[in-house]
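Next come the chains, spelled out residue by residue.
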Amino acid sequence: MTAAASGCYAGGMAFSRERILDALARLPFIDAGELALVLGEPLATVHRALAALLQDGLAGRASQGTAHLPSSHRYYLTREGIAEAADALGYDAPWEFVRAYPMSRQWLALLIRRMDAVASVYRLAATLSPGVDGLETRVEFQRRGRFDAVITLHNGSSFGVVRQGLALRRRSLYDRLRAIAEYRHNHRPSMVLVLVPSPWEQRLTDEFCLNADLRDYFVAVERRETLEEWDRTVWISSNWTFGRIYRTLEQVVSEADTGRWFHPEAPERKRASLPDPERMVRAAPAFGISPAEKRALDLITDHPMIPREHLARWLGVSDGRVSQMTRSLANTWGLVEQHGKRSDVRYTLSDRGIRYITRRDRAQLATTMAAWSTEDTADNHGQLRPLGHRILTWQRQTGHADGITWFLSELAAEAMTEDASELRWCIPTARSDRAFNRGEDAIAPDAVGHLLVNALHVPFYFEHELRARHPRGVAARLRPYIRYYRSDAPRDDQPPFPTTLFVVDTEEVAKTYASTASRMPTMKLPVLVSSRELLSYRGMLGRSWRPLWDAERPPLALRELGAYEWDKLRRRMRRQETQQSC
């Protein structure tokens, strides 16, 4: 050992050589800031210890970031570090050490495949930890089972983390939560923390947990402020007495039972081969793909066969930059397929990309292949068709799918150009269905999202309608939303109230919507219609939208919705009282 390393560990037993080796063995691929908080030690002390290990070749580091967390250096033990840790921690041989710690080739492969989720768990554990006086937090990942990981604080409070990624179906998430609800209360962690991809899934998951009688749970959107901020009110939970309650992470920790130590299932050690961590990290897309490329991959996952120009507009970059990112995703890592040429280039997941998102999100490969695969298979009549039903849907409704991505990408691009405006989130058709009135009625919009325009919040449903062109069809198309707005679901799904945006192909059809709505007494709802013709001319944020609750009024801009409010009692739109008095 070098003199520098010896000096690093000469500071006493509080942070000995054995402790830093043990910490990296229990927490592979953690960054220095997270490790300092989890161990309850000063960041400078942890940095010196890690620098000494790097200098001696006992540790390696790799840059990794996600779509919602910035890149940081993550540390792991090298082959030499594993041998050193086995000797320092009293094991006769390295193979015995990797059977006792999550350091085998099998364990590291699992953690690398789930690295984006692992990073979120580490960041959440660091925020939950006191971070002082050596008060150490334990983080244990599960190979299988209901939880992705269990975080246990120094006082015995334990938090089971369940994460829903883009590849995990809502039904699969609910199956896990239902099984957790059936556990005996003292046989599971003190609190269940559920991370979901958007506020839409957040509210639906909260409703499910309430109905499933899952106690001591909180649901939040997986994003940076959720994982890092102690005092932001982003965690929700409902009960039958007070309804939906919003909590900070500090309040969540204060409500967790202490002294009830949770011991998750013992990890299986049937196979525990010695790893080659450096080679595994170099070959892993999770470490080789930048956060911007992961953002592009998420959009391609949500919108298979998305045109290049739509992807460029959505990301706010040039076509050349999109080509550069997708070249890395396609040629270097093999996660994306390119279809078409020149002016009609499209991107979708490759089979390797499907496996990547499946392992990242702990989904089932058969399910994800059946959704995204472009491989040809024979149907019941012997005709070839894509294996993935989402690819098949795109083939059958190419114009409809392109209309959805055109609208959302243009909306995102226009919002970027205006101050205080942003398309904050949106989710695709595949996850936008909503059953209400105890499942008797449902809507299935083409997208759900939340727009911030000139500091005005506009939660919305989007319908790209190409078929309903005549009064009878238009009336039938509007009726599900009449039933929806008459229920209590809108208030819970998209507070304070959501707007529904219909986009049709011509102004003539838009006028048909307005005239049909004027003859329907129940159509005093927050529904607007526009056409691709007018939107292409005036823009998504311009005066392009006919309000169906006042069909005679000239088209509105979305920022002008601030002059209206939803009358909860009468279930109708009206001008705000301050506007009326003026």
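Because the structure is a prediction, the values reported are computed rather than measured.

Draft legend 1. Broad picture of the overall build of the protein. Looking only at helices and strands, one finds 26 helices and 25 strands in the protein. Relative to its length of 582 residues, the protein is compact, with a C-alpha radius of gyration of 26 Å against a globular reference of 25 Å. Once the C-alpha set of the protein is aligned to its principal axes, its extents read approximately 85 × 55 × 50 Å. Among the 582 residues that make up the protein, the fraction classed as buried is 57%. Summarising the internal contacts of the protein: among those between residues at least 6 apart in sequence, 63% fall at separations of at least 24. Working note: accessible area of the protein is about 25,400 Å², and carbon and sulfur atoms make up 47% of it. Of note, the protein has its 81 positive side-chain charges centred 4 Å away from the centre of its 72 negative side-chain charges.

Draft legend 2. Seen up close, the sheet that holds strand 1 (residues 30-31). A sheet is described by the order of its strands in space; here three strands give the open sequence 1-3-2, paired in antiparallel fashion. The open sheet has two edge strands, strand 1 and strand 2 (59-64), and neither has a second partner. Note that strand 1 and strand 3 (residues 72-77) share two bridges and pair antiparallel. In the sheet register, aspartate 31 faces strand 3, and the bridge partner there is arginine 74. In the packing of helix 8 (residues 115-128) onto the sheet, contacts are made with strand 1, strand 2 and strand 3, and the angle to strand 3 comes to roughly 100°.

Draft legend 3. Highlighting the nonpolar core. Of all hydrophobic cores here, the largest spans 178 residues; its most connected members are Leu35, Phe159, Leu177, Trp235 and Phe407. The biggest single contributor to this core is helix 8, with eight residues.

Draft legend 4. Structural view of the confidence of the model for the protein. The pLDDT averaged across the protein works out to 91; a share of 95% of its residues lies at or above 70. Across residues 1-13 the pLDDT falls below 50, and counting only partners more than four positions away or on other chains, this stretch makes 18 contacts in the model.

Draft legend 5. Looking closely at the sheet that holds strand 16 (residues 422-427). Ordered by their spatial adjacency, six strands build an open sheet running 16-19-20-21-22-23, and the pairing between neighbours is mixed. The strands lining the two open edges of the sheet, one partner per strand, are strand 16 and strand 23 (546-547). Where strand 19 (residues 447-453) lies against strand 20 (residues 456-464), seven bridges are found, and the strand directions are antiparallel. Paired with valine 453 across the bridge in strand 20 is leucine 456.

Draft legend 6. Summary view of unusual backbone geometry. Backbone torsion omega between proline 495 and proline 496 reads 0°, so that peptide bond is classified as cis. With respect to the helices, strands and loops of the structure, proline 496 is situated in the loop between helix 23 (489-493) and strand 21 (499-504). The residue phenylalanine 29 is not glycine, and still its phi comes out positive at about 65°. In this fold, phenylalanine 29 is placed in the loop between helix 2 (17-26) and strand 1. A relative accessible area of 1% places phenylalanine 29 in the buried class. Positive phi, normally seen in glycine, also occurs at methionine 305, with a value near 65°. As for its position among the elements, methionine 305 is in the loop between helix 15 (291-302) and strand 11 (306-307). A relative accessible area of 5% means that methionine 305 is categorised as buried.

About the criteria used
- Residues numbered from 1 in each chain as written.
- Predicted model: local features only at pLDDT ≥ 70, side-chain atom pairs only at ≥ 80, totals over all residues.
- Heavy atoms only, no water.
- Helix = DSSP H or I, 4+ residues; strand = E, 2+ residues; numbered from the N terminus.
- Rg over C-alpha atoms; globule rule 2.2 N^0.38 Å.
- Buried < 20%, exposed > 50% of the residue type's maximum accessible area, 1.4 Å probe, protein only.
- Contact = heavy atoms within 4.5 Å.
- Areas by Shrake-Rupley, 256 points an atom, 1.4 Å probe, with all protein chains shown as cover.
- Lys, Arg positive; Asp, Glu negative; His and termini not counted.
- Charge placed at Lys NZ, Arg CZ, Asp CG, Glu CD.
- Pairing = 2+ DSSP bridges.
- Axes fitted to C-alpha atoms, helices over the stretch in contact; angles between N-to-C directions.
- Core = buried A, V, L, I, M, F, W, Y, C linked by side-chain atoms within 4.5 Å.
- pLDDT = per-residue confidence, 0-100.

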